[in-house]
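The residues making up each chain are set out below.
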Amino acid sequence: MAKEQDGSPKLRHPEFQRMRVTLTIGVIGLCVTSYILGAWQGTSNSIKPSFISTKTRCHDLARSSGARLDFQAHHQVTFNESSLGLEKFPPCQLKYSEYTPCQDPRRARKFPKKMMQYRERHCPKKEELLRCLIPAPPGYKNPFEWPKSRDYAWYNNIPHRELSIEKAVQNWIQVEGDLLRFPGGGTMFPHGADAYIEDINALIPLNDGNIRTALDTGCGVASWGAYLMKRNIITMSFAPRDSHEAQVQFALERGVPAMIGVMGSERIPYPARAFDMAHCSRCLIPWNKLDGIYLIEVDRVLRPGGYWILSGPPIHWKRHFKGWERTEEDLKQEQDEIEDLAKRLCWKKVVEKGDLAIWQKPINHIECVDSRKVYDAPQICKGNDVDSAWYKKMETCISPLPYVKTEDEVAGGALEQWPIRASAVPPRITRGSVPGLTPEKFQEDNKLWSERVDHYKKLIPPLGKRRYRNVMDMNAGMGGFAAALIKYPLWVMNVVPSGSPRDTLGVIYERGFIGTYQDWCEAFSTYPRTYDLIHADNIFSSYQNRCDITYILLEMDRILRPEGTVIIRDTVEVLGKVQAITEGMRWKSQIMDHESGPFNPEKILVAVKTYWTGKPAQKQ
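Note that the coordinates shown come from a computational prediction; the quantities given were computed from them, not determined experimentally. (Residues numbered from 1 in each chain as written. Predicted model: local features only at pLDDT ≥ 70, side-chain atom pairs only at ≥ 80, totals over all residues. Heavy atoms only, no water.)

Draft legend 1. Seen up close, the pairing of strand E7 (residues 275-281). Among the 7 residues in E7, 7 count as buried, and that is most of the element. As defined by bridge partners, strand E4 (residues 213-217) adjoins E7 across 3 bridges and the pair is classed as parallel. By the bridge assignment, Ala-214 is partnered in E7 with Met-277. Of the pairings in the sheet, the one linking E7 to strand E8 (residues 302-311) comprises 6 bridges and is parallel in character. Its bridge partner lying in E8, Met-277 is registered against Tyr-307. Handedness of the crossover is the feature at issue here: the chain leaves E7, passes through helix H9 (residues 293-301), returns alongside E8, and the resulting connection is right-handed. (Buried < 20%, exposed > 50% of the residue type's maximum accessible area, 1.4 Å probe, protein only. Helix = DSSP H or I, 4+ residues; strand = E, 2+ residues; numbered from the N terminus. Pairing = 2+ DSSP bridges. Right-handed = clockwise from strand over helix to strand, strands pointing away.)

Draft legend 2. Region of the structure containing the pairing of E8. In terms of burial, E8 is a largely internal element, 10 of the 10 residues being buried. Direction of pairing for E8 relative to strand E10 (residues 356-360): antiparallel, over a ladder of 5 bridges. Bridging across to E10, Leu-310 finds its partner in Ala-357.

Draft legend 3. Representation of the confidence of the model for the chain. Chain-level pLDDT for the chain is 87 on average; 84% of the residues reach the 70-or-more range. Of the regions scoring below 50 in pLDDT, residues 1-14 engages in 0 contacts with residues more than four places distant in sequence or in other chains. For residues 36-84, every residue scores under 50 in pLDDT, and the model assigns this stretch 81 contacts once sequence neighbours within four places are set aside. (pLDDT = per-residue confidence, 0-100. Contact = heavy atoms within 4.5 Å.)

Draft legend 4. The arrangement of a negative patch on the surface in detail. Among the surface-exposed residues, Glu-367, Asp-370, Glu-407 and Asp-408 lie close enough to one another that they form a single negatively charged patch. Residue classification places Glu-367 among the exposed residues on the basis of a relative accessible area of 57%. (Patch = residues over 30% accessible without salt bridge, like charges linked within 9 Å, V, L, I, M, F, W, Y side chains within 5 Å. Areas by Shrake-Rupley, 256 points an atom, 1.4 Å probe, with all protein chains shown as cover. Salt bridge = Lys/Arg side-chain N within 4 Å of Asp/Glu carboxyl O. Lys, Arg positive; Asp, Glu negative; His and termini not counted. Charge placed at Lys NZ, Arg CZ, Asp CG, Glu CD.)

Draft legend 5. Region of interest: the nonpolar core. Of all hydrophobic cores here, the largest spans 144 residues; its most connected members are Met-277, Trp-287, Trp-308, Phe-540, Met-556 and Ile-568. Apart from residues lying up to four places away in sequence, Trp-287 is in contact with Thr-217, Met-263, Cys-280, Gly-292, Tyr-294, Leu-295, Val-298, Trp-308, Leu-310, Ile-338 and Leu-341. Core analysis: the second largest hydrophobic core is formed by 6 residues, Leu-437, Phe-442, Met-478 and Val-507 among them. (Core = buried A, V, L, I, M, F, W, Y, C linked by side-chain atoms within 4.5 Å.)

Draft legend 6. A look at the packing of aromatic side chains. On inspection of all chains with the given rule, the structure shows 15 aromatic pairs. Plain terms: the ring middles of Trp-308 and Trp-359 are 5.3 Å apart, the flat faces sit at 35° to each other, and that makes the pair tilted. Residue Trp-308 is located in strand E8, and its partner Trp-359 is located in strand E10; the two are separated by 51 residues in the primary sequence. For the pair formed by Trp-308 and Trp-359, the shared burial category is buried. With a centroid separation of 5.8 Å and 15° between ring planes, the pair formed by Trp-520 and Phe-524 is classed as stacked. The exposure classification of Trp-520 matches that of Phe-524, with both residues buried. Here a set of aromatic residues connected by ring pairs shows up, and it is made of Trp-287, Trp-308, Trp-347 and Trp-359. Above the face of the Trp-418 ring, Arg-212 is positioned so that its terminal group lies 3.5 Å from the ring centre. Here the guanidinium or amino end of Arg-452 rests over the ring plane of Trp-449, the centre of that ring lying 4.7 Å away. (Phe/Tyr/Trp six-rings, centres within 6.5 Å; stacked < 30°, edge-to-face > 60°. Lys NZ or Arg CZ within 6 Å of the ring centre and 35° of its normal.)

Draft legend 7. Representation of the state of the cysteines within the structure. Applying the stated rule across the entire model yields 6 disulfides. With a sulfur-sulfur separation of 2.0 Å, Cys-346 is cross-linked through a disulfide to Cys-368. What sets the handedness of the Cys-346 and Cys-368 disulfide is the S-S torsion sign, and at about 80° it is right-handed. Taken together, the positions of Cys-346 in the loop between helix H11 (328-344) and strand E9 (348-353) and Cys-368 in helix H12 (residues 366-371) put the pair 22 residues apart, joining distant regions of the chain. For Cys-346, a relative accessible area of 18% puts it in the buried group. Taking the relative accessible area as the measure of exposure, Cys-368 reaches 1% and is therefore buried. One disulfide bridge connects Cys-521 with Cys-547, the sulfur atoms lying 2.2 Å from each other. For the disulfide bridge between Cys-521 and Cys-547, the dihedral angle about the S-S bond is near -90°, and by the sign convention the bridge is left-handed. (Disulfide = S-S within 2.5 Å.)

Draft legend 8. Examining H9 more closely. With 9 of 9 residues buried, H9 is to be regarded as a mostly interior element. The set of residues buried in H9 consists of Ile-293, Tyr-294, Leu-295, Ile-296, Glu-297, Val-298, Asp-299, Arg-300 and Val-301. Buried-residue contacts for H9 involve E4, E7, E8 and H11.

Draft legend 9. Focus on the sheet that holds E8. The strand order E6-E5-E4-E7-E8-E10-E9 describes an open sheet built from 7 strands, whose pairing is mixed. Lying at the two open borders of the sheet, with one neighbouring strand each, are strand E6 (258-260) and E9. Averaged over all pairs of adjacent strands, the angle between their axes in this sheet comes to 20°, without regard to strand direction. As defined by bridge partners, strand E5 (residues 234-239) adjoins E6 across 3 bridges and the pair is classed as parallel. Along E6, the bridge assignment pairs Ala-239 with Ile-260. The sheet contacts of helix H6 (residues 193-201) involve E7, E8 and E10, and relative to E10 the element is tilted by about 45°. The sheet contacts of H11 involve E8, E9 and E10, and relative to E9 the element is tilted by about 150°. (Axes fitted to C-alpha atoms, helices over the stretch in contact; angles between N-to-C directions.)

Draft legend 10. Broad picture of the side chain of Asp-593. Assignment of secondary structure puts Asp-593 in strand E16 (residues 587-593). Within the structure, Asp-593 has its side chain in polar contact with the side chain of Lys-603 (distance 3.1 Å). (Polar contact = N/O pair within 3.5 Å; in protein donor to acceptor, adjacent residues only side chain to side chain.)

Draft legend 11. Examining the packing of helix H19 (residues 549-559) against helix H20 (residues 572-582) more closely. Interhelical geometry of H19 versus H20 gives an angle of 60° and a closest axis separation of 10 Å. Classified by the interaxial angle, the pair formed by H19 and H20 is oblique. Handedness of the crossing formed by H19 with H20: right-handed. In this structure, H19 contributes Ile-549, Thr-550 and Leu-553 to the contact, and H20 contributes Lys-577, Val-578, Ile-581 and Thr-582. By residue class, the composition of the contact of H19 with H20 is 4 nonpolar, 2 polar and 1 charged. (Parallel < 35°, antiparallel > 145°, perpendicular 65-115°, else oblique. Left-handed = near helix turned anticlockwise from the far one by under 90°. Nonpolar A, V, L, I, M, F, W, Y, C, P; charged D, E, K, R; others polar.)

Draft legend 12. Quick peek at the environment of Thr-565. Mapped onto the secondary structure, Thr-565 falls in strand E15 (residues 560-571). Separated by 33 residues in the primary sequence, Thr-565 and Asp-532 have C-alpha atoms spaced 6.4 Å apart. Here Tyr-468 takes part through its side chain, which lies 2.7 Å from a polar atom of the side chain of Thr-565.

Draft legend 13. A look at the sheet that holds strand E1 (residues 152-154). Ordered by their spatial adjacency, 3 strands build an open sheet running E1-E3-E2, and the pairing between neighbours is antiparallel. Across the chains shown, the open sheet's two edge strands, defined by having one partner strand only, are E1 and strand E2 (174-176). Between one strand and the next, the sheet's axes are offset by a mean angle of 30°, whatever the strand orientation. Relative to strand E3 (residues 179-181), E1 runs antiparallel, the two being bridged by 3 bridges. Looking at E3, one finds that Trp-154 is bridged to Leu-179.

Here it is, written out as structure tokens:
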């Protein structure tokens, strides 16, 4: 037995070796399999086209709500915050479907009418903020794609007939069944905006790329800006809330840039030297009153060499005074005062023909400084905070232009023609006007956003198509996101948060884009459901210690159209908090990896606002 036991290991040795080899191969196989699975789970799962793309008509509730959106985040973060109790935000009452928090007509009545102060921004206090979701009106449908949206909108989206009755002769809006039609008419262009613009083009060139950014004060339904787009001119149109019912809302529904705003006691929220052209077509602004403060403000935002166009009272008063129900003497005095003020601003009158008068701002202030010996007022401002425009009072002094050495030098630097202007280094950067920004950093930023937008197109396939028209960048930087989207049929509202370390809004305008200042602890000056896509780059990291980010997300929900898309870039910790809040807002979302890969601490949250509407009021 002993010999048998001693010899037993030798007899089983080959089998034992085979077992060891098999075990080793098995362990290696398990390791390889685990590595492959781990690497696969670490990469971002792009959202399938069916998740993001939406129907042209979103009244098909079965199809809309039936889509299974598997938006589970790959990154788990724990928080001790009460917001992670998954608060479910209820819908607001239907009466709030057109709620504009900082331009609420009921709150406006508490403020003086002097200088239109009651129509300026007056935001609700913290205890007055709504903690509910603004409903779309019953029967709401996705707007038409551009360019059809320029001419048509769904009546149920903006159920107002007032302008079709009040402005029937002027052809602003016509109601045709369940549609609103915009013929392109206006108070001073009875033959349509296109013909009116052609009249302007006969007086100053609009097609050579020198005029790119325009400002329309008292814009109506923004037909002037709508028809300028085919000439590659982008217009910032603004009008006060309820001057005529929902005019800015009509503009945005058409896919035309617009904001709620008024020339009151505060500067309009744009930097100095922003616009190539400004326009007033019977906008009812008293240009000759209050020491010329409103025309002085237009001078601030006009670039050197920019044009101001005026039609309506008092221009061509000899023909129109009876229709305007004013005396000849009154209208002549108003025009004389405007002419005198323009001279004191150092403007040159280019032409007056028919119903149009056009002035041009000088390219620098060399002669204007000398002329102060002749004109007592307005003097040139001593301060140099010309770009400051967030709750900043207007002044009755001329905003100084940057210093030049010769009379033929453009103050602040000459701009390239469009579209070269979009990618050329802006003069404010080449001249070092924005601390910390250099031409090299500008070029790097352009390249970075080109790569990011290419990545976004993989996550959101409709981005390169006609699904999105009205786009907002909540933290626009140098405008790189807008520049990367330039070839698509959309426009971007570039927002520079007030108090940012670098004021880059002037840079954005020098590139030929538009935008505004904004404090995101407050509501934006627009109607609900006016943007298709909202981009937020590190907004929540910036604001999480300044105000409750829940209200920023509720504001985003207010201004986002049903089935609209949100892209939020931030750290994974912040995005985890944001996603937890949005789960109670009827959003479908997923946290994705950074374009550089899974090891970057910055992530991307992509969300879609689901389609739902308010319930129609029950008849008693």
